[in-house]
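Descriptive structure summary
Read off the chains here:
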Amino acid sequence: MLSVMVFVLALLQAASGFIITVDAHEEMCFYDRANVGDKVTMSFEVMEGGFKDVGVEISGPDDDRLHHSAQDTLGSFTFTAMKEGQYQLCFDNKMSTLTPKILMFQFHVARAIEFYMDSSKRGDDVIEQTAVQSMINELSAKLGAVKMEQEYMHFRYRGHLEVSDMVELRVLAWSIFGPMLLIITAILEVYYLKNFFEVKRVV
């Protein structure tokens, strides 16, 4: 039972995603450390704001540029770390003058099998079997992609629900205002015609 709980917790921790807001002319960067042979996975999708595009830059240790794009709506990158050190994922909204961008992203580092085989490199003894860890790494990456897609669909559902509620409110308001306007117009027309055809007596 304990091993199952550890397995689930490891999956949930590895599959965590984040939703952030990048204001106009703003740049936000996120960092994680990787050893040689670790698998680094980064994915993102712009959910709201303008043309739904942001600038993306991925860099490794010693400021090695691994990827750069001035305008991207979504993307997914997986690579094996060739150097030990800090890897960086940056989003910028410098192309926008006023509109902030809301995006969801995932930044995950999966340790290489050698990390778990060498006890001197581990800080704990939770997972001892390298085959199980390999399965966890693969499953956590897939679970992260599914979780990210679900969060994105939930975000879109909320947006469509807000639009639907707004349209329903406008239709209801117009259904009340329209007949009232028609009644008021009819009353004014009757009053005007009555005064127009009224015969005034001169004493």
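Residues numbered from 1 in each chain as written. Predicted model: local features only at pLDDT ≥ 70, side-chain atom pairs only at ≥ 80, totals over all residues. Heavy atoms only, no water.

1. As for the nonpolar core
L89, F91, L103, F105 and F107 are the most contacted members of the largest nonpolar core, which totals 19 residues. Every element with two or more residues in this core is listed here: β1 (18-22), β3 (39-48), β4 (54-59), β7 (85-92) and β8 (101-110). Core analysis: the second largest hydrophobic core is formed by six residues, I102, M148, Y152 and F155 among them. (Core = buried A, V, L, I, M, F, W, Y, C linked by side-chain atoms within 4.5 Å. Buried < 20%, exposed > 50% of the residue type's maximum accessible area, 1.4 Å probe, protein only. Helix = DSSP H or I, 4+ residues; strand = E, 2+ residues; numbered from the N terminus.)

2. Focus on the sheet that holds β8
Pairing in this open sheet of four strands is antiparallel, and the strands run β1-β8-β3-β6 from one edge to the other. Sheet topology places β1 and β6 (74-80) at the edges, where each strand pairs with a single neighbour. Neighbour-to-neighbour, the strand axes of this sheet turn through a mean angle of 20°, independent of strand direction. Relative to β6, β3 is paired through seven bridges, and the arrangement is antiparallel. Bridge pairing in β6 places K39 opposite T80. (Pairing = 2+ DSSP bridges. Axes fitted to C-alpha atoms, helices over the stretch in contact; angles between N-to-C directions.)

3. Re the environment of H67
Tracing the backbone through its elements, the reader meets H67 in strand β5 (residues 65-72). Note: C-alpha distance between H67 and V56 (eleven residues apart in sequence) is 7.6 Å. When sequence neighbours within four positions are dropped, the list of residues in contact with H67 reads V56, E57, I58, D72 and F77. (Contact = heavy atoms within 4.5 Å.)

4. Side note on unusual backbone geometry
Non-glycine residue H25 carries a positive phi angle of around 65°. Tracing the backbone through its elements, the reader meets H25 in the loop between β1 and β2 (27-34). A relative accessible area of 54% means that H25 is categorised as exposed. Positive phi values are uncommon outside glycine, yet D63 reaches one of about 60°. Mapped onto the fold, D63 is located in the loop between β4 and β5.

5. Observations concerning the state of the cysteines
A full pass over the atoms with the stated rule returns one disulfide. With a sulfur-sulfur separation of 2.0 Å, C29 is cross-linked through a disulfide to C90. Handedness here is read from the sign of the S-S torsion; for C29 and C90, about 110°, the answer is right-handed. On the criterion of sequence distance, the pair formed by C29 in strand β2 and C90 in strand β7 is long-range, its members being 61 residues apart. (Disulfide = S-S within 2.5 Å.)

6. Some details on the sheet that holds β7
Read across the sheet, four strands follow the order β2-β7-β4-β5 without closing on themselves; strand pairing throughout is antiparallel. The sheet is open, and its two borders are formed by β2 and β5, each paired with just one other strand. Direction aside, neighbouring strands of the sheet carry axes that sit 10° apart on average. As paired elements, β4 and β5 share five bridges and run antiparallel to each other. The residue bridging I58 from the neighbouring strand is H67, located in β5.

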